[in-house]
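So the chains spell out like this:
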Amino acid sequence: MTLLWHPDPVRIGDVAPIAARTQVSRVEPEFGPPGARPVGPLGDRHVSRRPVVVLAASGDGVTVARGEAAEQIRLDGAVLTGSTVLDAAALDRGAVLELEGRIAILVHRRVAPRPAAPDHGLIGASDAIEDLREAIAACAASAAPTLVCGETGTGKELVARAIHRASARRDGPFVAVNLAALPAAVAVAQLFGHRKGAFTGAVDASAGYFRAADGGTLFLDEVGAAALDVQAMLLRALEQHEIQPIGEPAVRVDVRMIAATDADLAAAVRAGGFREALLYRLAGLSIATPALRDRPDDVARLLLAFLREELAALGAADRLRARSGDEALWLPAGFVAAACRQRWPGNVRELRNLGRRLAVAHHGVDAVALETLGGMLEVAAPPPEREAVDDARIVEALEANGWQIGRTAAELKISRTTLYAVMERSGRAVKARDLDREDIAAAGEHTGGDVVQMAAELRVSVRALKLRIRELGLPFR
């Protein structure tokens, strides 16, 4: 059992094992921080001294039954009238008990607590987060390129920074770059640098991100958004430890590269949008950041941390003081119980946003009524990815965006992988790498060799067409 909410916020996150028969009341069992000695029972005077609920572990399941006391008990939002069995699947998801609207307890499965280890700046004590901490320690011991994979909002940059801090490069720079935010026209110059006047008439030279990270770590977020020509240069940097600034000789660099993605890069390789060799080099070491739905016992720990931070900034830290006697809680346990049952498609980032909205909206009151929070969780969830966008609409958007994959995917709020799949299915759009010499030569004749017009006719981006022309050694520029 993990305490999700309690009148004393210090107790949130405490745990207690479930035995063959475990009675839950004001005076038993004793809870304590994971891996530490118990510090005491629930202790809230609103919970009876007699058992309010009895849990019995047997095989892969747990039976949950009402106890002798008359308090109202809820299990996953429904009033518990008799007993129910939580099977292995239910325990893996976690089931939430609510006691008197003041205490919420997650009943779930986890391995035995592990010995204390560095937390690497990560909040939580779930099995998933402990596995992640172990993976960070293992990656920090190596200088090999590392790929951090995980859904959006799971803290991939936080993991990259933790690897850097725990590594031998901790005293060197950590430089973070979001490749999806770099305009394609300037990505090479910003990553690898350029001499004065060598890039679109630039007045000043630029060292670029690679040289800024020399002796440290370069974090490339959303690496799947990099253009193919940029990918080729990243591969060279990985294999030869040197870069080619624009207008300058090649330069050797000492950089540990960590890349991150929420895309399926293997699928992108099959679709022609990502270089296979680069994927293999980046994935020399790999870490997966867990989705929040796979660590339900951390939801309340994280929410509490975010609320403390936001309320302190608003001068209202006292809202999360320990409540005794008949004092109402600032945030009712029923809301936290509902939050723990959410799927959280936006993961930790979405939960942080919820904490911010709660603090801003309710820091002025000493106790928030549950009925005033009805829309908070619904608002917290962003719209799911629009996988079913009409093919014709996608082709129209491609054309409007100059057949640029990243820009079109962002506009339609779909993944690049989905966009590539629609392009293949529709037959109305092609990838530049699939064009042969005859296709390009014919377009060149029709347009007088104007590459911009050729790209429009061939329905590919100008950048991708130029790369294909260069690969085939054709005379168009």
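Not measured: the values here are computed from a predicted model.

Student: What is the right way to read the overall build of the protein chain from this model?
Tutor: Counting its regular elements, the protein chain contains 18 helices and 16 strands. With respect to the principal axes defined by its C-alpha atoms, the protein chain has extents near 90 × 50 × 50 Å. Counting over 477 residues, the protein chain shows a buried share of 48%. Working note: accessible area of the protein chain is about 21,700 Å², and carbon and sulfur atoms make up 51% of it. Measuring between centres, the 58 positive side-chain charges of the protein chain sit 2 Å from its 61 negative side-chain charges.

Student: Please clarify how the sheet that holds strand S15 (residues 256–261) should be interpreted in this entry.
Tutor: Adjacent strands of a sheet form backbone hydrogen bonds with each other and so pair up, either parallel or antiparallel. Taken together, the 5 strands give an open sheet; going across it, the order is S11-S12-S15-S10-S16, and neighbouring strands pair in parallel fashion. With one partner strand each, in any of the chains shown, strand S11 (174–178) and strand S16 (285–288) form the two edges of the open sheet. When the angles between neighbouring strand axes are averaged without regard to direction, this sheet yields 20 degrees. Here strand S12 (residues 217–221) pairs with S15 via 4 bridges, running parallel. Counted as the bridge partner of phenylalanine 219 is isoleucine 258 from S15. Contacts from helix H2 (residues 127–140) reach strand S10 (146–149), S15 and S16, with the element oriented near 160 degrees to S16.

Student: Help me understand the nonpolar core, please; the structure alone is not making it clear to me.
Tutor: One recurring pattern in soluble globular proteins: nonpolar side chains tend to sit buried together. By size, the foremost hydrophobic cluster in this structure holds 36 residues, and its most contacted members are Trp5, Leu307, Leu331, Leu351 and Leu358. Ranked by size, the runner-up nonpolar core spans 33 residues in total, among them Leu147, Ala226, Ala268 and Leu282.

Student: Mind showing me how you'd approach the pattern of salt bridges here?
Tutor: Between side chains of opposite charge, a pair can form as their charged atoms come close. Under the counting rule described, the total for this entry stands at 22 salt bridges. With its nearest N and O atoms 3.4 Å apart, the salt bridge here joins aspartate 127 to arginine 110. Of the two residues, aspartate 127 is situated in helix H2 and arginine 110 in the loop between strand S9 (103–107) and H2; the sequence distance between them amounts to 17 residues. For aspartate 127, a relative accessible area of 19% translates into the label buried. Linked through salt bridges whose partners overlap, the residues forming this network are Asp318, Arg319, Arg321, Arg323, Glu327 and Asp366.

Student: What is the right way to read helix H18 (residues 462–472) from this model?
Tutor: Residues that lie three or four places apart on an α-helix share one face, since the helix turns once every 3.6 residues. When H18 is considered as a whole, its buried residues turn out to be Leu465, Leu467, Arg468, Ile469 and Leu472. Contacts made by the buried residues of H18 are with helix H6 (228–240), helix H16 (437–447) and helix H17 (451–458). Downstream of H18 by a residue or two, glycine 473 has a phi angle that is positive, lying close to 70 degrees.

Student: Would you mind showing me how to read the pairing of S12 here?
Tutor: Each regular strand carries side chains that alternate between the two faces of the sheet. Burial of S12 is extensive: 5 of the 5 residues sit out of reach of the surface. Along S12, one buried face is formed by Thr217, Phe219 and Asp221 and the opposite face, lined by Leu218 and Leu220, is buried too.

Student: What is the right way to look at unusual backbone geometry in this model?
Tutor: Across the chain, the bulk of peptide bonds are trans and the bulk of non-glycine residues have phi less than zero. Here the residue pair glutamate 28 and proline 29 is connected by a cis peptide bond, since its omega of -10 degrees sits within 30 degrees of zero. Its place among the elements puts proline 29 in the loop between strand S2 (22–24) and strand S3 (53–58). Its identity as a non-glycine residue notwithstanding, histidine 120 has a phi of 55 degrees, on the positive side. We classify histidine 120 as buried; its relative accessible area is 15%. A positive phi angle, close to 55 degrees, is found at tryptophan 344, a residue other than glycine. Exposure remark for tryptophan 344: the relative accessible area of 1% places this residue in the buried category.

Student: I keep staring at the packing of H17 against H18 and nothing clicks. Help me out?
Tutor: For any two helices packed against each other, one specifies the inter-axial angle together with the distance between the axes. Here H17 crosses H18 at 105 degrees, and the two axes come no closer than 9 Å. If you check the angle between H17 and H18, you find them roughly perpendicular. Counted together, Val451, Val452, Met454, Ala455 and Leu458 of H17 and Val462, Leu465, Lys466 and Ile469 of H18 form the full contact between these two elements. Across the contact of H17 with H18, the residue classes tally to 8 nonpolar, no polar and 1 charged.

Student: Please clarify how the side chain of threonine 261 should be interpreted in this entry.
Tutor: Positionally, threonine 261 belongs in strand S15. Exposure remark for threonine 261: the relative accessible area of 3% places this residue in the buried category. Looking at threonine 261, its side chain comes within polar contact range of the main-chain nitrogen of alanine 263, at 2.9 Å. Those residues in contact with threonine 261, other than ones at most four positions away along the chain, are Leu147, Val148, Cys149, Gly150, Lys156, Val223 and Gly224.

Student: Would you mind showing me how to read the pairing of strand S4 (residues 61–66) here?
Tutor: As defined by bridge partners, S3 adjoins S4 across 6 bridges and the pair is classed as antiparallel. Note that in S4 the partner of serine 58 across the bridge is glycine 61. In this antiparallel pair of consecutive strands, S3 and S4, the connection spans 2 residues, and glycine 59 shows a positive phi of 60 degrees. Relative to strand S7 (residues 83–86), S4 runs antiparallel, the two being bridged by 4 bridges. By the bridge assignment for S7, valine 62 is matched with leucine 86.

The rules behind each value
Residues numbered from 1 in each chain as written. Predicted model: local features only at pLDDT ≥ 70, side-chain atom pairs only at ≥ 80, totals over all residues. Heavy atoms only, no water. Helix = DSSP H or I, 4+ residues; strand = E, 2+ residues; numbered from the N terminus. Buried < 20%, exposed > 50% of the residue type's maximum accessible area, 1.4 Å probe, protein only. Areas by Shrake-Rupley, 256 points an atom, 1.4 Å probe, with all protein chains shown as cover. Lys, Arg positive; Asp, Glu negative; His and termini not counted. Charge placed at Lys NZ, Arg CZ, Asp CG, Glu CD. Pairing = 2+ DSSP bridges. Axes fitted to C-alpha atoms, helices over the stretch in contact; angles between N-to-C directions. Contact = heavy atoms within 4.5 Å. Core = buried A, V, L, I, M, F, W, Y, C linked by side-chain atoms within 4.5 Å. Salt bridge = Lys/Arg side-chain N within 4 Å of Asp/Glu carboxyl O. Parallel < 35°, antiparallel > 145°, perpendicular 65-115°, else oblique. Nonpolar A, V, L, I, M, F, W, Y, C, P; charged D, E, K, R; others polar. Polar contact = N/O pair within 3.5 Å; in protein donor to acceptor, adjacent residues only side chain to side chain.

Shape descriptors only; they carry no functional weight alone.
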